[in-house]
Amino acid sequence: MATKKTAITKDKIVSMYMDHVLEHSEKPKSVYNFTKTNGFTETEFYAFFGTIESIEKEIFRMFVEKTIELLHKNSEYETYDMKSKMLSFYFTFFEILTANRSYVVLVLKEHNNQLKKLSLLAGLRERFKEYLTEVIEDDFRTQQERFQNFQEKAFQETSWIQLLLTLKFWLDDASPAFEKTDIYIEKSVKATFELMNIAPIDSLIDFGKFIFKEKIYKK
């Protein structure tokens, strides 16, 4: 009896793609090469992706989707305030990145100083901004109405830049269990919320000292 062929899914294509990149230290030369090597057809590939490059973008979007999925599995998550939700997002997101660190570093390291311009992060950016809209509380919006320059879009863009800076820090982090990235997350999120609330600048100063120590004073 002939062995039944396993159905091709989006997740399986993504898994095969990541394995290829890690094994060959480069992306597949073409859709034809990729599908032939992995034993499925181009037609099956195009049912989920239009190009090789679209897989790259989808992988980073999937990291965010998985993060949000895990957050909502926590029954206490919905009771968190806005800052706690953001901290939970960061810690969970970077746990997922760490689980896939070899791939992420290989793909991003050469672009470390140009992350903001990197097109393969487009899917990540889009889904992250959607998440930000979901977590902005009504009382936070009301509180910010008295500041004419505040807009939801401004919050999204500021948070996106913050995520990129955290990603860059994590890429360079050589501390055990990436504990310095955890400190960075705690200090940066706290400082951001205090800044938006025009609160005392103690956290901003504390965050600045941490960055100075890690990036400037570091021997």
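Whatever comes next refers back to the structure up there.
Residues numbered from 1 in each chain as written. Predicted model: local features only at pLDDT ≥ 70, side-chain atom pairs only at ≥ 80, totals over all residues. Heavy atoms only, no water.

## A short note on the pattern of salt bridges
Under the convention used in this document: Any carboxyl oxygen of Asp or Glu within 4 Å of a side-chain nitrogen of Lys or Arg constitutes a salt bridge here. Runs of E in the DSSP output that reach at least two residues are strands. Runs of H or I that reach at least four are helices, and both are numbered from the N terminus. Relative accessible area decides the class of each residue, using a 1.4 Å probe on protein chains only: under 20% of the type maximum gives buried, over 50% gives exposed, and in between gives partly exposed.
Evaluation of the coordinates by the stated rule reveals 15 salt bridges. The closest approach of N and O atoms between Arg61 and Glu126, which form a salt bridge, is 3.4 Å. One end of the pair, Arg61, is in helix H4 (residues 52-73); the other, Glu126, is in helix H7 (residues 122-135), and 65 residues separate them in sequence. Under the relative-accessibility criterion, Arg61 is labelled buried at 19%.

## Quick notes on the side chain of Ser175
Note the following rule: In protein, a polar contact requires one atom able to donate a hydrogen and another able to accept it; more generally it is a pair of N or O atoms within 3.5 Å, and residues adjacent in sequence count only if both atoms are side-chain atoms.
Looking at where Ser175 falls in the secondary structure, it is placed in the loop between helix H9 (152-172) and helix H10 (179-196). A polar side-chain atom of Ser175 sits 2.7 Å from a polar atom in the side chain of Asp173. Looking at Ser175, its side chain comes within polar contact range of the main-chain nitrogen of Glu179, at 3.1 Å.

## Some remarks on the packing of H4 against H7
Just so we agree on the cut-off: Axes here refer to lines fitted to C-alpha atoms; in helices the fit is confined to the stretch in contact. Angles between the N-to-C directions go from 0 to 180 degrees. Just so you know how the angles are binned, under 35 degrees is roughly parallel, over 145 roughly antiparallel, 65 to 115 roughly perpendicular, and the rest oblique. Two residues qualify as a contact provided that any one of their heavy atoms is within 4.5 Å of a heavy atom in the partner residue. When residue character is reported, Ala, Val, Leu, Ile, Met, Phe, Trp, Tyr, Cys and Pro are called nonpolar, Asp, Glu, Lys and Arg charged, and the others, Gly included, polar.
The interhelical angle for the contact between H4 and H7, taken along N-to-C directions, is 25°, at an axis separation of 7 Å. Compared by their axis directions, H4 and H7 come out roughly parallel. For the pair formed by H4 and H7, the contact residues are Lys57, Phe60, Arg61, Val64, Glu65, Ile68 and Leu71 on the first element and Gly123, Leu124, Glu126, Arg127, Phe128, Glu130 and Tyr131 on the second. Taken together, the residues of the contact of H4 with H7 sort by class into 7 nonpolar, 1 polar and 6 charged.

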